[in-house]
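# Remarks on the overall topology
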Amino acid sequence: MSATDATTGSAADAASDERLRRWRLVLGGGPEEGTGRPLTGTDAAMDGALAALYGSGDGKERRSGRRSAGLEGSAPSVARWLGDIRTYFPASVVQVMQRDALDRLGLSALLLEPEMLEAVEADVHLVGTLLSLNKAMPETTKETARAVVRKVVDDLEKRLATRTRSTLTGALDRSARISRPRHRDIDWDRTVRANLKNYLPEYGTVVPERLIGYGRAARSVKKDVVLCIDQSGSMAASVVYASVFGAVLASMRSIAARLVVFDTSVVDLTDQLDDPVDVLFGTRLGGGTDINRALAYCQSQITRPADTVVVLISDLYEGGIRDEMLKRVASMKASGVQFVTLLALSDEGAPAYDREHAAALAALGAPAFACTPDLFPEVMAAAIEKRPLPVPTDI
């Protein structure tokens, strides 16, 4: 056998061994499951971490050696497990496993203990869980919880703030239309199209009788933006993102931002917008929903309807007066308000929502759609410029 053949054979053996290893991990611990290969070392530890979460936990499975749940709801064992999964899996997988642990094994109560919070991989979903537990949280845990929330919020601001400010600043500049733009502010594409009737074929050019462009928005010119956020339990991730965006909008000199959260009552958190962590701990996730009451409050705060954007973030499961809710939206739009309905503001897939209410809003010219955080600046820019919203096609 040549050296080349030996190398090729060795590579093929290594690939085959890796496939067998992966299948062995899929099959789980205990007996060798017909593969002829036991789990050892790191592989056995990884399987143990998976088994603790995804095993059924019944006695028969434990006796047979198959995977079985093993966290048992105790803080020390859970803390150790959290450390294990951070050792063996990437952060994105760790976050999924943590969410599954909260759902499958009912570990939410353990997040009320400081040592647990210090061990978890912080993400938006964890923040939502902490906010839902806020009222039950002992004083010894609150500072640790705020530190976890602060970390997530700071990371989101770093990711989202710069692009949001630059996108909206451009939209504000373009929204300040003038009839005699400076050369650098001329919209040449629209100017040429508007003057095509003045085309001179002998010269191969268009003579523009009318220039179309935009001036720079003066510092004193503002748009009013009202974020009206449903704080029912299913909207947790949306509340987190909306609070961050609210703080970013409030930091812009040319935008007057207001943030309102609601369930069956309405709370105005605008005075806390300089710190989104304070906003988040001012929410109360869970409870019913009265969209009509929330919109009534928002409508009462509008003083310049033609320069106002109202963003309702809700799954539209209305517990209040449906017809009154729709009348308020129609009234705001008739007065010149730009009204945006987001079924969710998160990185998740298509949300559950009230399709009848969404269709009714669309009939009023206020289409309801889910929005990712990355798309939100474009949605706001379109609303500020009063142009069609970039509605995703999958909602």
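Predicted, not measured: the structure shown is a model, and the values here were computed from it.

## Topic: helix H14 (residues 355-363)
Residues of H14 that are buried include every one of His357, Ala358, Ala360 and Leu361, and no others. Burial along H14 is one-sided: seen end-on, the buried residues are contained in an arc of 160°. In H14, the exposed residues that point more than 90 degrees away from the buried face are Arg355, Glu356 and Ala363. Those residues of H14 that are buried lie in contact with helix H13 (322-334), strand S9 (338-345) and strand S10 (368-371). Among the residues of H14, the N-terminal cap falls to Asp354, whose side-chain oxygen and the backbone nitrogen of Glu356 are separated by 3.1 Å.

## Brief notes about the nonpolar core
Trp81, Leu111, Leu130, Ile255, Val311 and Phe376 are the most contacted members of the largest nonpolar core, which has 76 residues in total. Broken down by element, the residue count for this core peaks at 10 residues, all from helix H8 (residues 139-175). Those residues in contact with Leu130 that sit more than four places away from it in its chain are Leu111, Leu117, Met137, Ala145, Val148 and Val149. Grouped together as the second largest cluster of nonpolar side chains are 25 residues, Leu295, Ile302, Leu312 and Leu326 included.

## Some words on the sheet that holds S10
Sheet strands pair via backbone hydrogen bonds, and the direction of the pair is either parallel or antiparallel. Taken in spatial order, the 6 strands of this open sheet run S7-S6-S5-S8-S9-S10, and their pairing is mixed. Across the chains shown, the open sheet's two edge strands, defined by having one partner strand only, are strand S7 (266-268) and S10. Adjacent strand axes in the sheet meet at a mean angle of 25° when their direction is disregarded. Judged from the 5 bridges that link them, strand S8 (residues 308-313) and S9 form a sheet pairing that is parallel. In the strand pairing of S9, Val309 is matched with Gln338.

## Structural notes on the environment of Val260
Mapped onto the fold, Val260 is located in strand S6 (residues 255-262). Note: C-alpha distance between Val260 and Ala294 (34 residues apart in sequence) is 7.8 Å.

## A short note on the pattern of salt bridges
Opposite charge on two side chains makes pairing possible when the charged atoms of those side chains draw close. Within the structure shown, the criterion is met by 16 salt bridges. The partner of Asp290 in a salt bridge is Arg293, with the nearest N and O atoms 4.0 Å apart. A relative accessible area of 45% places Arg293 in the partly exposed class. Salt bridges here are not isolated pairs; linked through shared partners, they connect Lys223, Asp224, Arg304 and Asp307.

## Considerations on the layout of surface pockets
Put simply, the largest pocket is a space of about 470 Å³. In terms of lining, the largest pocket is formed by 24 residues, of which the most central are His125, Gly233, Ser234, Ala236 and Ala237. Those elements that provide at least two residues to the lining of the largest pocket are helix H5 (91-105), helix H7 (124-132), helix H10 (236-250) and S9. Looking at the lining of the largest pocket residue by residue, the class counts come to 10 nonpolar, 10 polar and 4 charged.

## Here we look at the confidence of the model for the chain
Confidence along the chain averages 81 in pLDDT terms, with 83% of residues attaining 70 or more. Across the chain, element-level confidence peaks in S8 with a mean pLDDT of 97 and bottoms out in helix H3 (residues 59-64) with 39. Residue range residues 58-69 is modelled with pLDDT below 50. Its contacts to residues more than four positions away, or to other chains, number 30 contacts.

Reading the values: rules and limits
- Residues numbered from 1 in each chain as written.
- Predicted model: local features only at pLDDT ≥ 70, side-chain atom pairs only at ≥ 80, totals over all residues.
- Heavy atoms only, no water.
- Buried < 20%, exposed > 50% of the residue type's maximum accessible area, 1.4 Å probe, protein only.
- Helix = DSSP H or I, 4+ residues; strand = E, 2+ residues; numbered from the N terminus.
- Arc of directions from axis to C-beta.
- Contact = heavy atoms within 4.5 Å.
- Polar contact = N/O pair within 3.5 Å; in protein donor to acceptor, adjacent residues only side chain to side chain.
- Core = buried A, V, L, I, M, F, W, Y, C linked by side-chain atoms within 4.5 Å.
- Pairing = 2+ DSSP bridges.
- Axes fitted to C-alpha atoms, helices over the stretch in contact; angles between N-to-C directions.
- Salt bridge = Lys/Arg side-chain N within 4 Å of Asp/Glu carboxyl O.
- 1 Å grid on protein atoms, 1.4 Å probe; cavity = no way out; pocket = protein on both sides within 12 Å on 5 of 7 lines; lining within 4 Å.
- Points joined across faces, edges and corners; volume = space filled by probe spheres on them.
- Nonpolar A, V, L, I, M, F, W, Y, C, P; charged D, E, K, R; others polar.
- pLDDT = per-residue confidence, 0-100.

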